[in-house]
Amino acid sequence: MIHGEHSVDTREIVAEVHGRHPDAAWAPRIDGIAASTGIETRGWMLPLEAAVAPGAGRGAGTAGAGAAREALIRDGFTEQDADRVIAALEAVPAPQTVQERTAPAWEAVQAYGERAARGALQAAGLDVADVDCLITSNSTTPALPGLDVALANRLPLRGDTMLLPATQWACVAGTRSLALAADLVAADPDRVVLVVISEALSTTYQPADDTLESLIVRLLFADTAVAAVVTGRPRPESVLRLDAAWHHTLPGTRDLHRLETRADGTHFVMDRRGPRAVQETVTAMWEWLRVRYEDDPAAWHPDVLLAHPGGTRVLEYMEQTMPDEWPSGLLEYSRDSYTTGNRGGAAVFDILRRAHDAGQKAGSRAVLYAAAPGLTATALEGEWL
């Protein structure tokens, strides 16, 4: 796990938003909204100042200044007044362009991804030359070639390493990449798969956006790079055996949560109907587990549930809809993870790391779950080693 190295406090975000949008309809409630997230600080790859800085351009811009001046004169302005208007417009700071906003974040995403990859290989007792397949996910800083090719060069990997980029998996990247890796090593037990997810979710912080949804996005997201190694044969360093995967996609829900690219960069758009749709995938997962263990003579239940459903509201629903005989506290590591921000596709790995660091008994049953815009979900069931 490589967390964003720039600590951004919630009070800093609240102050910035207050100063920029003092008359917004939700302005009187901002302190309560911020407190309700339960997040006091989060780590970003770049500082808050980078997100709110003006662009290099100015107001009307050089290209449009002449045409604007002529239009003003045609409308009755004197040449002197038109010059003053143009000068005033050009003095207004322009918002950052997509390139200004995403270029430094993309550099950080690559650097963080490389550090995470090297750390995971070291923990696994392996070298970059041992990697047969690389699965990457990065949804927040679009680039072609992507993170897979960047890491293949930066590490560097063997020329015959299979590269599998999964750019748009977003929040489900953690579970789905592990599921894919498990399939790959099942087909070839000698294969070594490296998974790397690196997300700069802070690029969705859009200062000019005055919607309530944008305020919530500002408060929620954190930047993280994670990496893990999946092998087909047990190793002394192995921590979890992956036994089964489940996938579920709800039709007609692709517009509920989405990432949009606009003139000033990427915007994460949330729909209030989203949590209810995520709840449907949770219910479907419970049914998958029930059927999978319906013949188990000893009332089966997971010992740890590592879930990233997108927010604490759905975690509450998960607890409410669990079978009555299951023990309480299964989601404690998920709740702990959210106190330092929503990490998107990297979240399940952060939750998994927290469970690992707390210590788990060999043989403990684990269920990993995540849902992403789409709405699509993946769950994994396995055993702690």
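On a predicted model such as this, the values are computed, not experimentally measured, just so you know.

Undergrad: Which parts of the structure should I look at to understand the pairing of strand β13 (residues 376–384)?
TA: For a regular strand, side chains alternate in direction, first toward one face of the sheet and then toward the other. Across the 9 residues of β13, 8 count as buried, placing the element largely inside the fold. Examined bridge by bridge, strand β8 (residues 240–249) and β13 share 9 bridges and lie antiparallel to one another. Looking at β13, one finds that T249 is bridged to T376. As paired elements, strand β12 (residues 365–372) and β13 share 8 bridges and run antiparallel to each other. In the sheet register, A366 faces β13, and the bridge partner there is G382. Hairpin connection, β12 to β13: the antiparallel pair is bridged by 3 residues, and G374 has positive phi, about 155 degrees.

Undergrad: Looking at this structure, how should I read the UniProt feature "active site" (unreviewed entry) in the chain?
TA: This chain's UniProt record puts "active site" (unreviewed entry) on C171. By the secondary structure assignment, C171 is in the loop between β5 (162–165) and α8 (173–187). For C171, a relative accessible area of 15% gives the class buried. The contact partners of C171, leaving out residues within four places of it in the chain, are H308, G344, G345, A370, A371, A372 and P373.

Undergrad: I would appreciate a short explanation of helix α7 (residues 147–154) in the present structure.
TA: Helical geometry: 3.6 residues make up each α-helical turn, so side chains three or four residues apart lie on a common side. Those residues of α7 lying buried are L147, D148, A150, L151 and A152. Those residues of α7 that are buried are in contact with α6 (98–123), β4 (133–137), β5 and β6 (192–199).

Undergrad: In this structure, what is going on with the packing of aromatic side chains? I would like to understand it.
TA: Two aromatic rings, taken as a pair, are described by how far apart their centres are and by the angle between their planes. Evaluation of the coordinates by the stated rule reveals 6 aromatic pairs. Their ring planes at 85 degrees and their centres at 5.4 Å tell us that F221 and F268 sit as a pair that is edge-to-face. Residue F221 is found in the loop between α9 (212–220) and β7 (224–231), and its partner F268 is found in strand β10 (residues 265–269); the two are separated by 47 residues along the sequence. Across the pair, exposure class does not vary: F221 and F268 are buried alike. Judged by centre distance (5.4 Å) and plane angle (85 degrees), the ring pair of W286 and W326 falls under edge-to-face. One end of the pair, W286, is in helix α10 (residues 274–292); the other, W326, is in the loop between α11 (312–321) and α12 (332–338), with 40 residues separating them in the sequence.

Thresholds, definitions, all that
- Residues numbered from 1 in each chain as written.
- Predicted model: local features only at pLDDT ≥ 70, side-chain atom pairs only at ≥ 80, totals over all residues.
- Heavy atoms only, no water.
- Buried < 20%, exposed > 50% of the residue type's maximum accessible area, 1.4 Å probe, protein only.
- Helix = DSSP H or I, 4+ residues; strand = E, 2+ residues; numbered from the N terminus.
- Pairing = 2+ DSSP bridges.
- UniProt positions renumbered as here; feature names shortened; annotations may be inferred.
- Contact = heavy atoms within 4.5 Å.
- Phe/Tyr/Trp six-rings, centres within 6.5 Å; stacked < 30°, edge-to-face > 60°.

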